[in-house]
There are 2 protein chains.
Amino acid sequence: MTSDVSQSARDAGAGGGGPRWLDAEEQRAWRAWLYSNQLLADRLDRELTHGTGISHAYYEILVALSETEGRMMRMSELADRCLSSRSRLSHAVSRLEERGWVRRQVCAEDGRGQLAVLTDEGFAALEAAAPVHVESVRRHLFDQLTPRQVEAMRDLGETLLRHLGPR
Amino acid sequence: MTSDVSQSARDAGAGGGGPRWLDAEEQRAWRAWLYSNQLLADRLDRELTHGTGISHAYYEILVALSETEGRMMRMSELADRCLSSRSRLSHAVSRLEERGWVRRQVCAEDGRGQLAVLTDEGFAALEAAAPVHVESVRRHLFDQLTPRQVEAMRDLGETLLRHLGPR
DNA sequence: CCGGAATGGATGAGTGCTCAACCAGTGTTG
DNA sequence: CAACACTGGTTGAGCACTCATCCATTCCGG
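Reading the values: rules and limits
- Residues numbered from 1 in each chain as written.
- Chains lettered and ligands numbered in written order.
- Predicted model: local features only at pLDDT ≥ 70, side-chain atom pairs only at ≥ 80, totals over all residues.
- Heavy atoms only, no water.
- Phe/Tyr/Trp six-rings, centres within 6.5 Å; stacked < 30°, edge-to-face > 60°.
- Helix = DSSP H or I, 4+ residues; strand = E, 2+ residues; numbered from the N terminus.
- Buried < 20%, exposed > 50% of the residue type's maximum accessible area, 1.4 Å probe, protein only.
- Near = heavy atom within 4 Å.
- Polar contact = N/O pair within 3.5 Å; in protein donor to acceptor, adjacent residues only side chain to side chain.
- Pairing = 2+ DSSP bridges.
- Axes fitted to C-alpha atoms, helices over the stretch in contact; angles between N-to-C directions.
- Contact = heavy atoms within 4.5 Å.
- Buried area = accessible area lost by both parts, 1.4 Å probe.
- Salt bridge = Lys/Arg side-chain N within 4 Å of Asp/Glu carboxyl O.
- Nonpolar A, V, L, I, M, F, W, Y, C, P; charged D, E, K, R; others polar.

Named according to an unreviewed UniProt entry, chain A is Transcriptional regulator, MarR family originating from Geodermatophilus pulveris.

Undergrad: Honestly, the packing of aromatic side chains in this entry has me stumped. Any pointers?
TA: Aromatic ring pairs are defined here through the distance separating the ring centres and the angle between the ring planes. Residue and element names in this part refer to chain A. On inspection of all chains with the given rule, the structure shows two aromatic pairs over all chains. With a centroid separation of 5.7 Å and an interplanar angle of 15°, the aromatic rings of Trp30 and Trp33 are classed as stacked. Placement of both Trp30 and Trp33 in helix α2 (residues 24-52) is noted, with a separation of three residues, approximately one turn of the helix. An identical accessibility class is assigned to Trp30 and Trp33; each is buried.

Undergrad: I tried to follow the protein's contact with DNA strand D on my own but got confused; where do I start?
TA: If you check the shell around DNA strand D, you find 23 residues, and the closest are Ser76 and Arg104 of chain A together with Ser87, Arg95 and Gly111 of chain B. Counting only the atoms of DNA strand D within 4 Å of the protein, the fraction contributed by sugar and phosphate is 79%. One of the side-chain nitrogen or oxygen atoms of Ser87 of chain A is found 3.0 Å away from a base oxygen of DNA strand D. In the environment of DNA strand D, a base oxygen lies 2.9 Å from a nitrogen or oxygen atom belonging to the side chain of His91 of chain A.

Undergrad: Would you mind showing me how to read the sheet that holds strand β2 (residues 102-106) of chain A here?
TA: One key point about sheets: their strands pair by backbone hydrogen bonds, in either a parallel or an antiparallel sense. All names here are of chain A. Taken together, the three strands give an open sheet; going across it, the order is β1-β3-β2, and neighbouring strands pair in antiparallel fashion. Strands at the two margins of the open sheet, each flanked by one partner only, are β1 (72-74) and β2. This sheet shows a mean twist of 30° between the axes of neighbouring strands, independent of strand direction. Judged from the three bridges that link them, β1 and strand β3 (residues 114-118) form a sheet pairing that is antiparallel. The partner of Met73 across the bridge, within β3, is Ala116.

Undergrad: So what exactly am I meant to see when it comes to the interface of chain B and chain A here?
TA: How big an interface is tends to be expressed through the accessible area that disappears when the partners come together. Taken together, the contact between chain B and chain A spans 69 residues of the former and 71 residues of the latter. Of the roughly 6,900 Å² buried between chain B and chain A on both sides combined, carbon and sulfur atoms contribute 63%. Together, Arg20, Trp33 and Leu164 of chain B form the three largest contributors to the area buried by chain B at its contact with chain A, with a combined 10%. With its nearest N and O atoms 2.7 Å apart, the salt bridge here joins Arg28 of chain B to Glu158 of chain A. When contributions to the side of chain B that touches chain A are tallied by element, the ones reaching two or more residues are α1 (5-11), α2 (24-52), α3 (56-66), α6 (120-140) and α7 (147-164) of chain B. For the side of chain B that touches chain A, a count of residues per class yields 33 nonpolar, 16 polar and 20 charged.

Right, here's the structure in full:
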């Protein structure tokens with residue numbers, strides 16, 4: 001017998017209102033989800049970082065900027081887009097500024113606001129990194145899945161997003 | 001027209017051997033996966049941390065230890081189980097030791113090895129945290145999904161694990 | 001049994017993230 | 001238009017993770 005926490009709690013017969021423990025099937029699904037996500041995210045970040053010197057967090061920022069008119073965006077909008085806190089983004093943009101890939105610019109319509117602007121060097125760095133990243137995603141994700149599984153993945157993701165989503 | 005990197009690369013007609021860009025359907029699946037995972041992992045970690053003072057990383061360590069005979073495990077085995085580097089685990093165990101939840105013990109069969117041992121205080125902390133965590137997982141994950149979706153999630157996770165898996 | 005390679009793990013520097021505090025500019029209310 | 005709350009963003013301290021390096025022990029070939 002192990003000292004598994006949920007098991008001993010169940011043995012003790014946690015009365016009504018007690019935690020709704022996971023059954024064996026749920027445990028298995030949860031573990032598979034947790035491990036595969038962690039391993040995949042880790043692998044993708046590692047390959048991107050080692051292959052290009054850009055972490056996935058920075059990559060997301062550069063991508064978001066590259067997709068806008070004028071390659072610029074308000075700091076807080078950028079933070080939302082990157083699922084980042086404002087503080088985190090502010091720190092990250094500072095570091096990207098040191099690399100010369102982004103610069104800050106005060107916002108015309110709102111004196112409080114700042115615009116993060118992607119520089120040409122930043123865009124070039126992104127262009128160099130993108131093929132590396134997309135190849136990783138393909139190899140470790142899409143190449144492993146059938147079209148039905150890809151659809152299931154999208155369905156799952158979108159279902160969860162409706163719950164967790166941007167508010 | 002935006003300055004989207006993959007689009008401009010496709011426009012330029014990257015010849016044979018160029019990156020295998022994602023099509024619209026794949027993009028959508030990828031984004032949904034990426035965002036939902038990030039948001040979910042974030043939410044679970046946050047609720048656990050705020051509700052119990054234990055981060056998900058620490059929680060995983062305590063769980064792994066609690067599930068073994070004698071509530072102890074070799075450092076490197078524990079690292080593998082937690083998908084952690086040895087260095088990371090070593091640092092983490094040091095911090096858990098400061099809290100009095102784990103202690104180190106030299107391994108009898110191999111003088112180089114160390115055993116991480118879960119203390120009674122550590123086990124108690126885990127017992128207190130487990131219901132909080134399982135409730136989060138249920139609310140934000142299983143309560144949102146149909147049984148078919150749960151099965152799809154397990155299938156996806158296990159498929160990816162076979163590729164990424166522990167070697 | 002001796003010497004070197006391999007293994008298990010610890011350590012420290014550098015970087016990134018979180019949280020709380022803070023500042024400047026804007027909106028709102030009388 | 002003065003006072004105050006609110007918003008957008010930055011900053012610094014503290015914690016966590018990575019990477020390279022290091023030390024101790026064990027394994028292995030002669």
